[in-house]
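# Fold and geometry: a report
Letter by letter, the chains look like this.
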Amino acid sequence: YNMMEITELKKILNTKSRLIGVDMGSKKVGLSISDENRKIATPFKTIDYRNIDNLTTEIKKIIQENDIDAIIFGNPINMDGTTGSSSQSVKDKIKILNDKIDLPMILWDERLSTIGAFNLSSQLDINVSKRVKNIDKNAAAFILQGALDFLNN
């Protein structure tokens with residue numbers, strides 16, 4: 001099991017390819033997708049997490065339909081920089097996905113992503129119930145955007 005570093009990913013990506021961002025919650029999984037120039041992350045969908053097989057099937061379908069080259073997973077690191085049980089849970093799920101999906105997988109520090117997604121949508125003046133409903137895929141877009149910005153520098 002080998003998580004790739006984002007700096008390694010930068011070296012192997014094709015000029016045109018799309019990435020997906022994943023905000024892995026215990027009950028909901030937010031997914032976002034980039035454009036083929038890897039400039040903009042767009043919230044894509046939120047799926048109910050039932051089990052790892054269900055998640056694998058969903059992700060594989062998105063990969064096939066959208067020509068995806070890598071997956072960026074948000075790593076829920078605590079604000080003080082320590083890793084807790086949610087980070088371990090994400091890593092455990094990625095280990096399983098890694099055996100079933102043959103694409104580079106990156107862990108991206110997602111601190112502030114949920115807060116960032118919520119605040120971003122508040123600046124866009126979207127009502128609160130809608131913001132809460134879309135928080136997972138918006139957080140996934142926030143995670144992916146952070147990685148894209150890094151890759152583009």
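For the structure given in this document, a descriptive report is provided here.

Conventions adopted
Starting afresh in each chain, residues are numbered from 1 along the sequence in its written order. At least 70 in pLDDT is required for a residue's local features to be given in this predicted model, at least 80 for side-chain atom pairs to be given and counted, and no such filter applies to totals for whole chains, interfaces and linings, which use all residues. For the side-chain quantities, the full set of heavy atoms in the structure was used; hydrogens and water were omitted. Working definition: helices are DSSP H or I runs of at least four residues, strands are E runs of at least two. Numbering for both runs from the N terminus. Each residue is assigned to one of three classes by its accessible area relative to the maximum for its type, calculated with a 1.4 Å probe on protein chains only: buried under 20%, partly exposed between the two thresholds, exposed over 50%. Per-residue and other accessible areas follow the Shrake-Rupley method at a 1.4 Å probe size, with only the shown protein chains counted as cover for residues. The aromatic pairing rule takes the rings of Phe, Tyr and Trp, using the six-membered ring of Trp, and pairs them if the centres are within 6.5 Å, calling planes under 30 degrees apart stacked, those over 60 edge-to-face and the rest tilted. Our definition puts a charge over a ring when NZ of Lys or CZ of Arg is within 6 Å of the ring centre and also within 35 degrees of the ring normal. What makes two strands pair is DSSP finding at least two bridges between them. Here, axes are lines fitted to C-alpha atoms. For helices the fit covers the stretch in contact, and angles between N-to-C directions go from 0 to 180 degrees. The contact rule is simple, with two residues in contact once any of their heavy atoms fall within 4.5 Å. In this description, a nonpolar core means a group of buried Ala, Val, Leu, Ile, Met, Phe, Trp, Tyr and Cys residues linked to one another through side-chain atoms lying within 4.5 Å.

## Examining the overall build of the chain
Regarding its fold elements, the chain presents 6 helices and 5 strands. Counting helices and strands in the order they occur from the N terminus, the chain gives α-β-β-β-α-β-α-β-α-α-α. Taking all 153 residues of the chain together, 45% fall into the buried category. A total of about 8300 Å² of accessible surface is found on the chain, and carbon and sulfur atoms cover 50% of it.

## Some thoughts on the packing of aromatic side chains
As enumerated under the stated definition, the model contains 1 aromatic pair in all. Its guanidinium or amino end placed over the ring of Phe150, Lys10 lies 5.9 Å from that ring's centre, counting from NZ or CZ. Taking NZ or CZ as reference, Lys93 lies 4.3 Å from the ring centre of Tyr49, over its face.

## Looking at the sheet that holds strand β2 (residues 28-34)
In spatial order, the strands read β3-β2-β1-β4-β5; together these 5 strands make up an open sheet with mixed pairing. Either end of the sheet is taken by a strand with one partner, and the two such strands are β3 (41-48) and β5 (105-109). Neighbouring strand axes in the sheet, compared pairwise and without regard to direction, differ in orientation by 25° on average. Pairing between strand β4 (residues 68-75) and β5: 5 bridges, direction parallel. Bridged to Phe73 within β5 is Leu107. Against the sheet, helix α3 (residues 85-100) contacts β1 (18-24), β4 and β5, and its axis sits at roughly 165° relative to β5. Those strands touched by helix α6 (residues 135-151) are β1, β2, β3, β4 and β5, and its axis lies near 40° from that of β2.

## Brief notes about the nonpolar core
Membership of the largest hydrophobic core comes to 22 residues, with the highest contact counts inside it found for Leu55, Ile71 and Leu97. For this core, the secondary structure elements donating two or more residues are β1, β2, α2 (52-66), β4 and α3. Considering each element in turn, this core owes the most residues, 5 residues, to α2. Not counting the four nearest positions on each side in its chain, Leu55 is found in contact with Met24, Val29, Ile47, Tyr49 and Leu97. Counting residues in each nonpolar core, the second largest holds 16 residues, with Leu19, Ile72, Leu144 and Ala147 among its members.

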